[in-house]
2 protein chains.
Amino acid sequence: MKVKYQLLHQDKTARYGTLTTNYGTFETPMFMPVGTQATVKTLDPRELKELSSSVILSNTYHLWLRPGEDIVSKAGGLHKFMNYDGPILTDSGGFQVFSLANPKNISEEGVIFKSHLNGEKLFLTPEKSIGIQNKLDSDIAMSFDECIPYPATYEYAKKSTERTLRWAKRGLAVHQNPNQSLFGIVQGGEYQDLREWSAKETSKLNFDGFSIGGTSVGEDKVTMYKMIEDGIRYLPEDKPRYLMGVGDPIDIVEGVDRGIDMFDCVLPTRLARHGHAFTRDGKINIKNAKYKEDFTPVEENCDCYCCKHYTKAYIRHLIVANETLGQRLLSIHNIRFLIRLTEEIRKSIQENTFKEYKQEFIERYTNNKKA
Amino acid sequence: MKVKYQLLHQDKTARYGTLTTNYGTFETPMFMPVGTQATVKTLDPRELKELSSSVILSNTYHLWLRPGEDIVSKAGGLHKFMNYDGPILTDSGGFQVFSLANPKNISEEGVIFKSHLNGEKLFLTPEKSIGIQNKLDSDIAMSFDECIPYPATYEYAKKSTERTLRWAKRGLAVHQNPNQSLFGIVQGGEYQDLREWSAKETSKLNFDGFSIGGTSVGEDKVTMYKMIEDGIRYLPEDKPRYLMGVGDPIDIVEGVDRGIDMFDCVLPTRLARHGHAFTRDGKINIKNAKYKEDFTPVEENCDCYCCKHYTKAYIRHLIVANETLGQRLLSIHNIRFLIRLTEEIRKSIQENTFKEYKQEFIERYTNNKKA
């Protein structure tokens, strides 16, 4: 089935709702952990479920290269391959257009890449991206787009945004997995009129949800929030709105305030692998010598497996000794931190206290910043 | 309390018994996974329990250097520090005398090392080793010994074996943790009379168990099995017998046949990190291209979490993509493989069919060797 979004309550512009998927109904706003290579780094699916994860994300580009979509398909699809019985969203490879391809290798037809694995020349098109995602059999596929660099000239952004819309139409035309939803992507770079145009035109197409793309590519926060606002106001209310690649706690709160329902980011797991942990009082670096004999949990009152059973001193030891259990415990905590954040956000929206929640959260997180 | 061994049944020289510890009673022969730095690499304590692990091992030398025994002690001991509520055995640092110290830095007093972390000069003595282990608060501590290199001259082996006995007495004299057992170590290198002398003299001391040390240091299998035989026949029947550092499946079966009750080794986790898995038909290398589209478990009929939920194709993908979940799943399987092996061994001893079991196991494991 296609996902169904239901808007259940609004607290000003913040939305509380549900997303019904092939694997059940989940509340929004939600945070989606990223499992680039068909695994959320260091974690297993049991741990993800224990964190109350709902949708997780996986990367089409990476799975295309390794192990290849045909192997995943022969395994019975991505869920069976990786043993995750919850909803999975796949991105389109569009972010890799931004991060790996030379702009001069982007044509109307598609994009020429060099494989990050072996330098092999690759060609990705909207049809190819959708075809791969069809085979991966994710629950939500993303339209193939170009993630525009920041800054970009108006001319570049306009040309790219128009092409992304044509790519969206080409992708829709070949999409044929009835159990897979397809989300469109709003681009437009930093330009208000392009964001508006992109949102309006993309909304006209038969997508099951919409995402705001092209943020978190180096722009300042003011610009990023404006990019969201400039597009989101033209999106239909009855479809989910997904802010791609965003996982900073402040950005999640700001995104919700602008009507976002879904977020994803590698941040919680990447920070964990470097020994950083989210707390209400800002990020901490567990390698700091002051935690050597700190026998308290990463965060008091956190309900995650890491905080219920392990101390900062032990996790510091593991991280310093390069033991993967340390990365894993912090990944558990950091993902749970963001999922708890969305739980509290949802509650505050339902109680019409989101603005107060937001202000309090940001003040505490920012003022005590320990990073 | 001190551990108590009870010999319940003998099938010729193979022993079935129980070891009662501070954390309950466990059957022997047993395999003990190694958690060098206060963590069994890539696993957490819940997974260890799920594998039916009983005793796990941790390394005194490593914990002495990092995080330091005082921090572990302040945490409430090793169990609390690492959140493992089962028995823990600590080695003495004796193996590091062999692997890290220059023989000319071994004196009657103790051993001068260079830290593998920062080159710092370190001095380890029997008193220091026992003192550290007292603070770590493991359930079973090991006597400080020299693991003799192979080959060694008779003169060197004799001198070292005699010194190891003097070190054993010095360690016993300072050991004072009433909840910690202390095991003596039989040395003697490759020399029958030295093994006999070491076993007899060590047995006279008030140890709670005995281990055969100095094997798996480069000698051939025939020599290794002889080293066991030359010492073990002089050990008391009512104390547990532990073969240090041995985890090859064939060696476990051969060790049991010579009266060994306890084994430990980094092999299952080390092999896992390199993509190797134990099976009844020999070791396999999961990176082999033939497993690319093999959607069967690592081993049919294995009851571990890895084999119940994941395919070779997926694990191969994880290992090739350098995702730690791959290492973790194979670690789970490999440890469980050895623990299941000991379960079957125990059953066969109780049924007086150990010799047949041994022959069948070795034939299948060796003849089909796939490594």
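Heads up: these notes are all about the structure in this document.

The rules behind the values
Residues numbered from 1 in each chain as written. Chains lettered and ligands numbered in written order. Predicted model: local features only at pLDDT ≥ 70, side-chain atom pairs only at ≥ 80, totals over all residues. Heavy atoms only, no water. Contact = heavy atoms within 4.5 Å. Buried area = accessible area lost by both parts, 1.4 Å probe. Salt bridge = Lys/Arg side-chain N within 4 Å of Asp/Glu carboxyl O. Polar contact = N/O pair within 3.5 Å; in protein donor to acceptor, adjacent residues only side chain to side chain. Helix = DSSP H or I, 4+ residues; strand = E, 2+ residues; numbered from the N terminus. Phe/Tyr/Trp six-rings, centres within 6.5 Å; stacked < 30°, edge-to-face > 60°. Buried < 20%, exposed > 50% of the residue type's maximum accessible area, 1.4 Å probe, protein only. Lys NZ or Arg CZ within 6 Å of the ring centre and 35° of its normal. Expected span 1.5 Å × (residues − 1). Least-squares fit on C-alpha atoms with pLDDT ≥ 70 in both. 1 Å grid on protein atoms, 1.4 Å probe; cavity = no way out; pocket = protein on both sides within 12 Å on 5 of 7 lines; lining within 4 Å. Points joined across faces, edges and corners; volume = space filled by probe spheres on them. Nonpolar A, V, L, I, M, F, W, Y, C, P; charged D, E, K, R; others polar. Axes fitted to C-alpha atoms, helices over the stretch in contact; angles between N-to-C directions. Parallel < 35°, antiparallel > 145°, perpendicular 65-115°, else oblique. Left-handed = near helix turned anticlockwise from the far one by under 90°. Pairing = 2+ DSSP bridges.

Our focus in this paragraph is the interface of chain B and chain A. Contact with chain B, which involves 36 residues of that partner, is made by 36 residues of chain A. Counting the surface lost from both chain B and chain A, the interface buries some 3400 Å², and carbon and sulfur atoms represent 50% of this. Among the residues chain B hides against chain A, the three largest losses belong to B:Arg46, B:His317 and B:Glu323. Together they make up 17% of the total. The interface formed by chain B and chain A includes 10 salt bridges. Inspection of the region where chain B meets chain A yields 24 residue pairs in polar contact (both at pLDDT 80 or more). The greatest single-element share of the side of chain B that touches chain A, amounting to 5 residues, is contributed by helix α13 (residues 312-320) of chain B.

One pair of aromatic rings is described through two measures. These are the centre distance and the angle between the planes. One pass over the structure, following the stated rule, counts 24 aromatic pairs over all chains. Here the aromatic rings of A:Phe95 and A:Phe98 are separated by 5.3 Å at their centres, their planes lie at 55°, and the arrangement is tilted. With A:Phe95 and A:Phe98 both in helix α5 (residues 94-100), this residue pair falls 3 residues apart, about one helical turn. In this structure A:Phe98 comes out as partly exposed when scored by relative accessible area, which is 27%. Taking 5.2 Å as the distance between ring centres and 25° as the angle between the ring planes, the aromatic pair formed by A:Phe278 and A:Phe337 counts as stacked. One end of the pair, A:Phe278, is in the loop between β14 (276-277) and β15 (284-285); the other, A:Phe337, is in helix α14 (residues 324-350), with 59 residues separating them in the sequence. Residue A:Phe278 is classed as buried on the basis of its relative accessible area of 0%. Ring pairs connect the aromatic residues A:Phe278, A:Phe337, A:Tyr357, A:Phe361 and A:Tyr365, which therefore count as one cluster. Sitting above the plane of the B:Tyr305 ring, A:Arg46 keeps its charged end 3.7 Å from the centroid. Sitting over the ring of A:Tyr84, A:Lys49 keeps its end group 5.4 Å from the ring centre.

Moving on, we come to helix α9 (residues 221-232) of chain B. All names here are of chain B. Taking 1.5 Å of rise per residue, the 12 residues of α9 would be expected to cover 16 Å, and the 16 Å separating its terminal C-alpha atoms lies within 8% of that figure. Every buried residue of α9 is listed here: Thr223, Met224, Tyr225, Met227, Ile228, Asp230, Gly231 and Ile232. Each element contacted by the buried residues of α9 is listed here: β10 (181-186), α8 (192-203), β11 (209-212), β12 (241-243) and α10 (249-257). Of the residues flanking the start of α9, the one acting as N-cap is Asp220, its side-chain oxygen 3.2 Å from the backbone nitrogen of Val222.

This part takes up the relation of the copies chain B and chain A. Copies of the same chain, two in number, are related to each other by a rotation about an axis and a translation along it. Expressed as a screw operation, the relation of chain B to chain A combines 0.0 Å of axial shift with a rotation of 180°, fitting to an RMSD of 0.0 Å. The superposition of one copy onto the other is thereby described by a two-fold rotation axis. The C-alpha atom lying nearest the rotation axis in chain B is that of B:Thr324; the distance is 3.8 Å. Most of the interface of chain B is mirrored in chain A, where 100% of its interface residues are also at the interface.

Next up on the list: the layout of surface pockets. A volume near 860 Å³ is recorded for the largest pocket. In terms of lining residues, the largest pocket is bounded by 42 residues, among which A:Asn59, A:Phe95, A:Gly245, A:Asp264 and A:Val266 are the most central. Looking at the lining of the largest pocket, the elements with two or more residues in it are α5, α9 (221-232), β13 (262-265) and α11 (267-273) of chain A. B:Asn59, B:Phe95, B:Gln96, B:Asp264 and B:Val266 are, among the 32 residues lining the second largest pocket, the residues nearest its centre. Of all the secondary structure elements, the ones that give two or more residues to the lining of the second largest pocket are α5 (94-99), β13 (262-265) and α11 (267-273) of chain B. The residue makeup of the lining of the second largest pocket, split by class, is 11 nonpolar, 15 polar and 6 charged.

Assignment of secondary structure puts B:Asp44 in the loop between β4 (30-33) and α1 (45-50). In this structure the side chain of B:Asp44 is engaged in a polar contact, spanning 3.1 Å, whose partner is the backbone nitrogen of B:Arg46. Ignoring sequence-local partners within four residues, the contact set of B:Asp44 consists of A:Glu47, A:Tyr305, A:Tyr310, A:Leu325 and A:Arg328.

Tallied over the full model, the rule gives 2 cavities of 30 Å³ or more. Volume-wise, the largest cavity comes out at about 40 Å³. Lining the largest cavity are A:Tyr314, A:Leu325, B:Ala38, B:Thr39, B:Val40, B:Leu43, B:Asp44, B:Pro45, B:Leu48 and B:Met82. Classifying every residue of the lining of the largest cavity gives 8 nonpolar, 1 polar and 1 charged.

All right, on to the packing of helix α13 (residues 312-320) of chain A against α14(A) then. Each pair of packed helices gets described by two things: the angle between the helix axes and the distance between those axes. Residue and element names in this part refer to chain A. Packing of α13 against α14 leaves a shortest axis separation of 7 Å and a crossing angle of 130°. When the interaxial angle is binned, α13 and α14 end up oblique. Between α13 and α14 the crossing geometry is left-handed. Contacts from Tyr314, Ile315, Leu318 and Ile319 of α13 reach α14 at Leu325, Gly326, Gln327, Leu329 and Leu330.

Moving on, we get to the packing of helix α10 (residues 249-257) of chain A against α14(A). Residue and element names in this part refer to chain A. In contact at an axis separation of 11 Å, α10 and α14 are set at 25° when each is read in the N-to-C sense. By the criterion of interaxial angle, the relationship of α10 to α14 is roughly parallel. Between α10 and α14 lies a crossing of right-handed hand. Between α10 and α14, the contacting residues are Pro249, Ile252, Val253 and Val256 on the first element and Phe337, Leu338, Leu341, Ile345 and Ile349 on the second. Class assignment of the residues belonging to the contact of α10 with α14 gives a composition of 9 nonpolar, no polar and no charged.

Residue and element names in this part refer to chain B. Structurally, the position occupied by Thr311 is in the loop between α12 (305-309) and α13. Judged by relative accessible area, Thr311 falls into the buried class, the value being 17%. Polar side-chain contacts of Thr311 include one of 3.1 Å to the backbone nitrogen of Tyr314. In this structure Thr311 touches Asp294, Phe295, Thr296 and Pro297, once residues within four positions along its chain are discounted.

All names here are of chain B. Spatial ordering of the open sheet is given by β1-β2-β3, a layout of 3 strands whose pairing is antiparallel. Lying at the two open borders of the sheet, with one neighbouring strand each, are β1 (4-11) and β3 (24-28). Each neighbouring strand pair of the sheet contributes to a mean axis angle of 15°, computed without reference to strand direction. With 7 bridges joining them, β1 and strand β2 (residues 14-21) adopt antiparallel strand pairing. Bridge pairing in β2 links Lys4 to Thr20.

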